Amino acid sequence: VFNDEIIIPALMKAGNSLEDARNYSIIGCVEPTSSGNTFGCTSGNDISLVCFLEMGQNNGKLRMMGKRTGIQTGKLEDFKSFEQILEAYKIQTKNAVEYIAKCVNLKDKVYMTSFHNPFVSLTLEGCLESAMDMTEGGAKYNHASISGRGLSTTADSLLAIKKAVFEEKFITLKELSKMLKSNFRGKEVIRQKLINKISKYGNDDEEADNMARWVAEIFCDAVYEQKSIRQGAFRPGFFSYGMHVVDGSFLGATPNGRKAGWPVSNSMSPGNGCEREGPTAVIKSNARINHELISNGSSLNLKLNPALLKTEENKKKFISL
């Protein structure tokens, strides 16, 4: 499902004119792009947001990697406020996105110098006029992109810390940190409490959904601060194409109760088994996120039982959905 009311403003934010934004089509899976005049590179440059979460709580390190890959922002057990935890996450996000953008630009520089594509360039508005290949920035619009994965796992984990440690206070940061390091070994009761007693994105819960909105905005803002070597905008997106399973295999346990090695959440969908209020609630949660910032597209995946279509009444409900 694609909506002009969202996509047109989103493309204009990325630099498209109103006329070109109205004339969009969908590339690959979900990426809206102006037709016939864009070299967009809409996929292939992506990261798991859960990495930023883990690095922000482990002084810049990913537990399974051993060495530090992010900025030293402190350890989970040493933070004094939830605001400090959010700031650490924000710093890790900004630093990692800047690094990814440098890698993307380096890749594009190789194509720019060694892998011209004159045939496709002939089909793109702007290349003939500028006498430049598409790889050199000859098209009218020359976007790059960075996609995020694991939105729900990240947001649910941050909210779990806020509720469990700072509001309900049934666990301390030191205790939580120890549980994450040991993969909740011997702490199944607490793990189930983190899973079942704290609200999750995807259930039309305003507090949980606003946390997801904040996580998405921090990522999108960081992406928009980058500039492509082909003189276009970096566009943020949220889709996983199955890689959320691979991401999870490299990540440690998370505060929402997910165990080490388990998949993180898929694209903008709720975490596995976290949606308890039906598909309407999932869509309402997703609608609370500011999609006008997500100019490279997003996917919200729903799996519905075929039995839902067996009766006329249920068919009407599905159409209403």
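A brief report on the enclosed structure follows. (Residues numbered from 1 in each chain as written. Predicted model: local features only at pLDDT ≥ 70, side-chain atom pairs only at ≥ 80, totals over all residues. Heavy atoms only, no water.)

This brings us to the environment of lysine 140. Note that lysine 140 resides in the loop between helix 6 (127–130) and strand 4 (144–149). Using a relative accessible area of 40% as the deciding quantity, one classes lysine 140 as partly exposed. For the pair formed by lysine 140 and aspartate 205, sequence separation is 65 residues and the distance between their alpha carbons is 42 Å. Not counting chain neighbours up to four residues away, the residues in contact with lysine 140 comprise Asp20, Asn37, Glu125 and Gly126. Side chain to side chain, lysine 140 and aspartate 20 meet in a polar contact 2.8 Å long. (Helix = DSSP H or I, 4+ residues; strand = E, 2+ residues; numbered from the N terminus. Buried < 20%, exposed > 50% of the residue type's maximum accessible area, 1.4 Å probe, protein only. Contact = heavy atoms within 4.5 Å. Polar contact = N/O pair within 3.5 Å; in protein donor to acceptor, adjacent residues only side chain to side chain.)

What follows concerns the side chain of lysine 200. Position of lysine 200 among the secondary structure elements: in the loop between helix 9 (188–196) and helix 10 (206–224). The charged side chain of lysine 200 is buried without a salt bridge, its nearest counter-charge being aspartate 156 at 5.8 Å. In contact with lysine 200, other than residues within four places in its own chain, are Asp156, Leu194, Ile195, Ala208, Asn256 and Cys274. (Lys, Arg positive; Asp, Glu negative; His and termini not counted. Salt bridge = Lys/Arg side-chain N within 4 Å of Asp/Glu carboxyl O.)

Another aspect to go through is the packing of aromatic side chains. Enumeration over the complete set of coordinates arrives at six aromatic pairs. Look at tyrosine 111 and phenylalanine 115: their rings are 5.6 Å apart centre to centre, the planes differ by 50°, and that puts the pair in the tilted class. Judged by its relative accessible area of 44%, tyrosine 111 falls in the partly exposed class. Residue placement shows lysine 13 over the ring face of tyrosine 224; its charged tip is 4.7 Å from the ring centre. Taking NZ or CZ as reference, lysine 193 lies 4.2 Å from the ring centre of phenylalanine 170, over its face. (Phe/Tyr/Trp six-rings, centres within 6.5 Å; stacked < 30°, edge-to-face > 60°. Lys NZ or Arg CZ within 6 Å of the ring centre and 35° of its normal.)

Interpretation note: all reported values are geometric properties and have no functional meaning in isolation.
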